[in-house]
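Analysis of the macromolecular model
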Amino acid sequence: MFTRDLPRGAENPGAQATSSSTSTQLILAGASTTQHITRVDEEVQKVLDGLSGKQSKTRAAKKEKQPTRDLVLAAADKANRQAGDAQTAAAAAGQQLVRKRNYEPVKPEWHAPWRMMRVISGHIGWVRSLAVEPGNKWFASGSVDRTIKIWDLASGTLKLTLTGHISPVRGLAVSARHPYLFSCGEDKQVKCWDLETNKVVRHYHGHLSGVYTLALHPVLDLLVTGGRDSVLRVWDIRTKQQVHVLSGHKSTISSVQCQEADPQVISGSMDSTVRLWDLAAGKSMTTLTHHKKSMRALALHPTQFGFASASSDNIKQWRCPKGEFVQNFDEGDGSIVNSLAVNSDGVVFSGADNGSMRFYDWKSGHCFQKTETIVQPGSLDSEAGIFCSTFDQTGFRLITGEADKTIKIWKEDDEATEDSHPIDFRPSLSRRRH
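To start, this report covers the structure provided alongside it.

1. Quick word on the environment of Gly226
Mapped onto the fold, Gly226 is located in strand 11 (residues 222–227). Spatially, the C-alpha atom of Gly226 lies 8.7 Å from that of Gly210, the residues being 16 residues apart in sequence. Once residues lying within four places of it in the same chain are set aside, the contact partners of Gly226 are His207, Val211, Tyr212, Thr213, Val231, Leu232 and Ile253.

2. Some remarks on the packing of aromatic side chains
Applying the stated criterion to the full structure yields 12 aromatic pairs. Taking 5.6 Å as the distance between ring centres and 65° as the angle between the ring planes, the aromatic pair formed by Trp114 and Phe391 counts as edge-to-face. Of this pair, Trp114 sits in strand 1 (residues 114–121) while Phe391 sits in strand 26 (residues 386–391), placing them 277 residues apart in sequence. Summarising the burial analysis for this pair, Trp114 and Phe391 share the class buried.

3. Topic: the pattern of salt bridges
Scanning all chains against the criterion turns up 10 salt bridges. The shortest N-O distance in the salt bridge between Arg177 and Asp221 comes to 2.4 Å. Here the residue Arg177 occupies a position in the loop between strand 6 (169–174) and strand 7 (180–185), and Asp221 occupies one in the loop between strand 10 (211–216) and strand 11, the gap between them amounting to 44 residues. Note on Arg177: relative accessible area 45%, which makes it partly exposed. The buried category is assigned to Asp221, whose relative accessible area is 15%. Here Glu402 ties to Lys408 by a salt bridge, and the two come within 2.9 Å at their closest N and O atoms. Grouping residues by exposure puts Glu402 and Lys408 together as buried. One connected set of salt bridges, linked through shared partners, spans Arg177, Asp221 and Arg238.

Cut-offs and rules
Residues numbered from 1 in each chain as written. Predicted model: local features only at pLDDT ≥ 70, side-chain atom pairs only at ≥ 80, totals over all residues. Heavy atoms only, no water. Helix = DSSP H or I, 4+ residues; strand = E, 2+ residues; numbered from the N terminus. Contact = heavy atoms within 4.5 Å. Phe/Tyr/Trp six-rings, centres within 6.5 Å; stacked < 30°, edge-to-face > 60°. Buried < 20%, exposed > 50% of the residue type's maximum accessible area, 1.4 Å probe, protein only. Salt bridge = Lys/Arg side-chain N within 4 Å of Asp/Glu carboxyl O.

Take a look at the structure:
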């Protein structure tokens, strides 16, 4: 009988199947355990990574919140460098960083109040222009009645009447270097009168409309005129030639002033601007646009290098040569200021179309006297207007030309003292407003 060797385990196939299944289960169980451990390790690693990230962020935040001394010094160094660069740039641009001071009002000087001294009547029309001769012996007045009258300053008596204009005489000037009187009017004419023969010796033709103002140059033989054609014309007195036409204003030129140093010509216009002119170049140097309403009057200070301008909104003080704004004078009553005058004692006078008169201290802008003119008996209340004014050469007499056809002379009250008329000074911030 033949026998065949069976492989090991073949004798008991049931036992072999059991053992193989058991080993398979053990292998599967081992694999699942390994996977579980791997997952646990991964989760633990994530947790650890998260913790380490939080710790690193916390450390960075702490570093940000608590900068080191080196960082602080570096930042301060950088800020100082930037400030130095800014100051250098400002200095290169011609500017300077200056701390703004608190506003401290200037205390006004005491001035005696002014009172009426004399009333001169003789014109039969409004008195529109005045001029005092350099010797302080007489003064001239121009009127709507088309005449120019010469008056003795001490007594107020009439010395001479000049006729020749065919319209109101709006401007007068007496030369300090020649025996000449210059006049202009609404008839477009500018005349030169020889005071030795009392006749017209020159005419200056060129204006296209009425001439409202004129001024003589104090050193050069030049005459500057302005009016409704909105230009200033500069004339050579001797040759009658037109040297310059200074154009730039947009409306009627109401006032012009001349001085020795630049700006040698200053003009004010109804377009509410003041212009400073370069006489050599014949061009405008600066335009001051601070006024909001028509500008009717200008006045130069006799000794200080500055001027004042008047409009119905307020009176402003300026410093030459650049036209820097200094201050506003105390606010008025809103009336239209027709005339300004300044004397060497620092008294500024303003006369308005409703007859109100105000006296200011030049240094502080304080109004130390408010009054109204007195109309001539028989006149209407509406004729209480002041059209022109000027101080005499000493500054002790004020002359006003008015709508009641009279000329009034005012002087300081000799009996007034600081006790009888104390200063009532109440400054306001509007004084510094442009």
